[in-house]
Amino acid sequence: MKIRSNKLVLASGNQGKLKEMQALLESLGLEVLPQSNFNTPEADETGLSFVENAIIKARNAAKYSGWVSVADDSGLEVDFLKGAPGIYSARYSGPEATDETNNKKLLYELRGIPEGQRGARFHCALALVRHEDDPAPLIVHRTWEGRILESPQGEQGFGYDPLFFVPSEGCSSAELDRELKNRISHRGQAMQALLEKLNA
């Protein structure tokens, strides 16, 4: 799939995601614009999977912007919680959820659970559409394995990063150098796969 302009609309109002994706797309010389530039209302995420919700959000952004749009639907899957918070990661602690309240709820749900049962993974599904009715969205899906810590560690990143321990690095996601995180995270892996498809 070839992009015919140097602009790409990101279907998210999340500043953390915008910064990460702008950094990852610089190599293609693309200008990443937030959907808020086009007064885009939030999409109604009615899908039952990360991929479905990514497509819904990408189509919504393309409808209002008129530009090629990419959406990220990502979240945390915790084994002990049978996959929760999953697609509800952003609003795990309720409609007014914040990173802090979500993290507190996750720690509460895992209180007393030993390290060996705290396995988890981040998911990232990316969907890119050329226009609202694109019949063939470009889709990639990647995961990042780790486990949930018993207390927050680190100041970098956002969301569940302070609680997500990365075994290969021996620290939390929130303690990683930004460049390293962008390379090895679920979103970094998915973006690299997307770039490879766009360059193919």
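Higher on the page you've got the structure.
Residues numbered from 1 in each chain as written. Predicted model: local features only at pLDDT ≥ 70, side-chain atom pairs only at ≥ 80, totals over all residues. Heavy atoms only, no water.

(A) Region of the structure containing the overall build of the protein. Across its full length, the protein carries five helices and seven strands. Traced from its N-terminal end to its C-terminal end, the protein shows the element sequence β-α-β-α-β-α-β-β-β-β-α-α. Rg of the C-alpha trace for the protein: 17 Å, near the compact-globule value of 16 Å for 200 residues, within the 12% margin. Seen along its three principal axes, the alpha-carbon backbone of the protein occupies a region of about 50 × 30 × 25 Å. Taking all 200 residues of the protein together, the buried fraction comes to 50%. When contacts within the protein are restricted to residue pairs at least 6 apart in sequence, long-range pairs at least 24 apart make up 61% of them. For the protein, the accessible area works out to roughly 10000 Å², and carbon and sulfur atoms hold 48% of it. (Helix = DSSP H or I, 4+ residues; strand = E, 2+ residues; numbered from the N terminus. Rg over C-alpha atoms; globule rule 2.2 N^0.38 Å. Buried < 20%, exposed > 50% of the residue type's maximum accessible area, 1.4 Å probe, protein only. Contact = heavy atoms within 4.5 Å. Areas by Shrake-Rupley, 256 points an atom, 1.4 Å probe, with all protein chains shown as cover.)

(B) Expanded view of the nonpolar core. Core analysis: the largest hydrophobic core is formed by 21 residues, its most contacted members being L8, L25, V70, L126, L128, M191 and L194. For this core, the secondary structure elements donating two or more residues are β1 (7-10), α1 (15-25), β4 (119-129), β5 (138-148) and α5 (186-199). The biggest single contributor to this core is α5, with six residues. If we skip the residues at most four places from it in the chain, L126 touches M21, A54, A71, D72, L138, I139, V140, A190, M191 and L194. V78, Y92, L110 and L176 belong to the second largest nonpolar core, which has 19 residues in total. (Core = buried A, V, L, I, M, F, W, Y, C linked by side-chain atoms within 4.5 Å.)

(C) Molecular detail of the pairing of β4. Extensive coverage of β4 is indicated by the burial of eleven of its eleven residues. Neither face of β4 is open: one carries G119, R121, H123, A125, A127 and V129, the other A120, F122, C124, L126 and L128, and all of them are buried. Across ten bridges, the pairing between strand β3 (residues 69-78) and β4 is antiparallel. Across the sheet, the residue bridging to D72 is L126, located in β4. Bridge count between β4 and β5: ten bridges; the pairing is antiparallel. (Pairing = 2+ DSSP bridges.)

(D) View of the packing of aromatic side chains. Taken as a whole and assessed by the stated rule, the structure comprises three aromatic pairs. Plain terms: the ring middles of F122 and F164 are 4.4 Å apart, the flat faces sit at 45 degrees to each other, and that makes the pair tilted. On the criterion of sequence distance, the pair formed by F122 in strand β4 and F164 in strand β6 (residues 164-166) is long-range, its members being 42 residues apart. Side by side, F122 and F164 carry an identical accessibility label, which is buried. Ring geometry for W144 against F164: centres 5.2 Å apart, planes inclined by 50 degrees, an arrangement best described as tilted. With a gap of 20 residues between them, W144 in strand β5 and F164 in strand β6 connect regions that are remote in the sequence. A relative accessible area of 0% places F164 in the buried class. Here the aromatic cluster, defined as three or more aromatic residues joined through ring pairs, consists of F122, W144 and F164. Over the aromatic face of Y92 sits the side chain of K105, whose NZ or CZ is 4.5 Å from the ring centroid. Here the basic side chain of R111 rests over the ring of Y108, its NZ or CZ set 3.9 Å away from the ring centre. (Phe/Tyr/Trp six-rings, centres within 6.5 Å; stacked < 30°, edge-to-face > 60°. Lys NZ or Arg CZ within 6 Å of the ring centre and 35° of its normal.)

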